[in-house]
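Given next are the chains, with one letter for each unit.
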Amino acid sequence: MRVLGIETSCDETGVAVYDSAQGLLGHALSSQIDLHAQYGGVVPELASRDHVRKLIPLIKTLLEESHLKPNDINGVAYTAGPGLIGALLVGAAVGRSLAWAWQVPALGVHHMEGHLLAAQLEQPAPTFPFLALLVSGGHTQLVQVAAVGQYTVLGESVDDAAGEAFDKTAKLLGLGYPGGPALARLAEHGNPNTFNFPRPMTQRPGLDFSFSGLKTCVLTTWRKQDHNEQTRADIARAFEDAVIDTLAIKCRRALRQTGLKSLVVAGGVGANQRLRTCLAQLADDEGVAVYYPRPIFCTDNGAMIAYAGTLRLAVGQSEPLAFGARPRWPMNELN
Ligand code: KG4
Ligand code: ZN
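First, a word on what this report is: a plain description of the structure on this page. Fair warning: this is a prediction, and the values are worked out from it, not measured in the lab.

### Re the overall build of the protein chain
Scanning the protein chain for helices and strands turns up eleven helices and ten strands. Here the C-alpha radius of gyration of the protein chain, 20 Å, is about what a compact globule of 335 residues would show, namely 20 Å. Judged by the C-alpha coordinates and their principal axes, the protein chain covers about 60 × 45 × 30 Å. Counting across all 335 residues of the protein chain, residues that qualify as buried make up 54%. In the protein chain, once contacts between residues fewer than 6 apart in sequence are set aside, the share between residues at least 24 apart is 74%.

Take a look at the structure:
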């Protein structure tokens, strides 16, 4: 069974074909970074228009390069939410139409389910059950995953997502968009002992996160300092340490609370090298295995949608002809 996956929820146009027997047959990505960089963040209308321009040519190229014909495709999966409504509707309209034209089932996939399952594209692949730390630009969640579609959100951010905190702090420090990778690069030159930011919500019980106070803390510190290169790097380092430490403390707590022996990390912030190093140490201490998708499958991509679509198709799921998109879509509703 072969599924074409389409991802257009935000600022990447991603497509891929996943084969349930052979694995990933091909994937392609068109990033909109250059388009949004001059505005310092994603401009939703520009994102939608770029998806309109790029999506169909990208699918054509992918099929050609993977030596596949429409006849070889048994289903079309597209991200149906959460995300930017205009951007989502482009993928949903194209995906649903292709499925109709090719007379195969269409599957509306939850974007975070895609992230959550992305580590299964790698070898060795995590097996159920596992604990997932989802850290993206829009979400920070700890999810207990019993099986496909059986998700219990154990904790989540009550305000900014981890990636959003990275992006906002990067902007404050005068770094471009997207801020996360730029801030991580700057932090490499920072002294970890110059500043010390709080680890929010780690003193009280529970698995929720809060990152907006940390951003304010950075702002206050930044205002009090000389704005030289070393200070910027030191602040970046202290901020990165605070976020990573907070995520690690909550992961450890969730692993102990659930007794789960596998930790899966996914979403854009999962590409952060120092987070990976820190969680590898934690996994070692706790005697659990930790899994990540390769960095390009941590951020938004078509492969994770094709894969989630394949699993959903295998259990007989498909969409009616009328399609829609859900900018907000709680993951608990997938069960
Ligand atoms: O999963 P993703 O591509 O999109 C959403 O679904 O939101 O995640 C994007 C987020 C952005 O906030 C970006 O700054 C952050 O992931 N990010 C990083 C790194 N690479 C991407 N944050 C920290 N360190 C990185 N290396
Ligand atoms: Zn994402």
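### Observations regarding the packing of aromatic side chains
Inspection of the entire model under this criterion finds five aromatic pairs. Ring geometry for Tyr 18 versus Tyr 307: centroids 4.9 Å apart, planes at 75 degrees, classification edge-to-face. Taken together, the residues Tyr 18 in strand β2 (residues 12-19) and Tyr 307 in helix α11 (residues 303-314) connect sequence positions 289 residues apart. Relative accessible area serves as the criterion here: at 13%, Tyr 18 is assigned to the buried category. Classification of Tyr 307 as buried rests on a relative accessible area of 9%. For the cation-ring pair, Lys 250 lies above Phe 209, with the distance from its terminal atom to the ring centre recorded as 5.4 Å. Residue placement shows Arg 276 over the ring face of Tyr 292; its charged tip is 4.3 Å from the ring centre.

### Comments concerning the site of ligand 1
Lining the immediate environment of ligand 1, one finds 18 residues, of which Gly 137, Asp 167, Gly 180, Gly 268 and Asn 272 sit closest. At 3.1 Å from an oxygen atom of ligand 1 is found a side-chain nitrogen or oxygen belonging to His 111. Contacts to ligand 1 include Gly 138, whose backbone N or O atom sits 3.4 Å from an oxygen atom. Counting residues per element, the shell around ligand 1 draws most heavily on helix α5 (residues 162-172), which supplies three residues.

### Considerations on the coordination of the zinc ion (ligand 2)
Donor atoms from the polypeptide that coordinate the zinc ion (ligand 2) comprise His 111 (NE2), His 115 (NE2) and Asp 300 (OD), at 2.0 to 2.1 Å from the metal. Read from N- to C-terminus, the donor residues coordinating the zinc ion (ligand 2) fall into the pattern H-x3-H-x184-D. With His 111 in helix α4 (residues 111-117) and Asp 300 in the loop between α10 (295-298) and α11, this pair connects stretches of sequence that are 189 residues apart. Residue His 111 shares its accessibility class with Asp 300, and that shared class is buried.

### Remarks on the sheet that holds strand β3 (residues 23-31)
The sheet built from five strands is open, its strands ordered β3-β2-β1-β4-β5 with mixed pairing. At either end of the open sheet lies a strand with only one pairing partner, and these are β3 and β5 (106-110). In this sheet, adjacent strand axes meet at a mean angle of 20 degrees when their direction is disregarded. Summarising the sheet, β2 and β3 pair through eight bridges and their orientation is antiparallel. Note that in β3 the partner of Val 17 across the bridge is Gly 26. The sheet contacts of helix α2 (residues 44-65) involve β1 (2-7), β2 and β3, and relative to β2 the element is tilted by about 30 degrees. Its contacts with the sheet place helix α3 (residues 85-102) against β1, β4 (75-81) and β5, and it is angled at close to 160 degrees to β4.

### A few points about the pairing of strand β7 (residues 140-147)
Both strand β6 (residues 130-135) and β7 contribute to a ladder of six bridges, which runs antiparallel. Looking at the pairing, Leu 131 lines up with Gln 144 of β7. Hairpin connection from β6 to β7: four residues lie between these consecutive antiparallel strands. The pairing of β7 with strand β8 (residues 150-156) spans six bridges and is classified as antiparallel. Note that in β8 the partner of Gln 144 across the bridge is Thr 152. If you look at the hairpin formed by β7 and β8, you'll find two residues sitting between the two strands, and Gly 149 has a positive phi there, around 85 degrees.

### Regarding the pattern of salt bridges
Scanning all chains against the criterion turns up 18 salt bridges. Notably, a salt bridge pairs Asp 241 with Arg 237, separated by 3.3 Å at the nearest N-O pair. Of this pair, Asp 241 and Arg 237 both sit in helix α8 (residues 229-258), separated by four residues, roughly a single helical turn. Asp 241 sits in the buried class, given a relative accessible area of 16%. Take Arg 237: its relative accessible area is 18%, and that puts it in the buried class. Each of Asp 160, Glu 164, Lys 168 and Lys 215 takes part in a single network of salt bridges with overlapping partners.

### Digging into the pairing of strand β9 (residues 262-266)
Counted residue by residue, β9 has five buried out of five residues, so it is predominantly covered. Residues of β9 alternate between two faces, with Ser 262, Val 264 and Ala 266 on one and Leu 263 and Val 265 on the opposite face, all of them buried. Sheet topology places β9 next to strand β10 (residues 289-291); three bridges connect them, and they run parallel. Bridge pairing in β10 places Val 264 opposite Tyr 291. Handedness of the crossover is the feature at issue here: the chain leaves β9, passes through helix α9 (residues 273-286), returns alongside β10, and the resulting connection is right-handed.

What counts and what doesn't
- Residues numbered from 1 in each chain as written.
- Chains lettered and ligands numbered in written order.
- Predicted model: local features only at pLDDT ≥ 70, side-chain atom pairs only at ≥ 80, totals over all residues.
- Heavy atoms only, no water.
- Helix = DSSP H or I, 4+ residues; strand = E, 2+ residues; numbered from the N terminus.
- Rg over C-alpha atoms; globule rule 2.2 N^0.38 Å.
- Buried < 20%, exposed > 50% of the residue type's maximum accessible area, 1.4 Å probe, protein only.
- Contact = heavy atoms within 4.5 Å.
- Phe/Tyr/Trp six-rings, centres within 6.5 Å; stacked < 30°, edge-to-face > 60°.
- Lys NZ or Arg CZ within 6 Å of the ring centre and 35° of its normal.
- Near = heavy atom within 4 Å.
- Polar contact = N/O pair within 3.5 Å; in protein donor to acceptor, adjacent residues only side chain to side chain.
- Donors = N, O, S within 2.8 Å, 3.2 Å for Na, K, Ca; no water.
- Pairing = 2+ DSSP bridges.
- Axes fitted to C-alpha atoms, helices over the stretch in contact; angles between N-to-C directions.
- Salt bridge = Lys/Arg side-chain N within 4 Å of Asp/Glu carboxyl O.
- Right-handed = clockwise from strand over helix to strand, strands pointing away.

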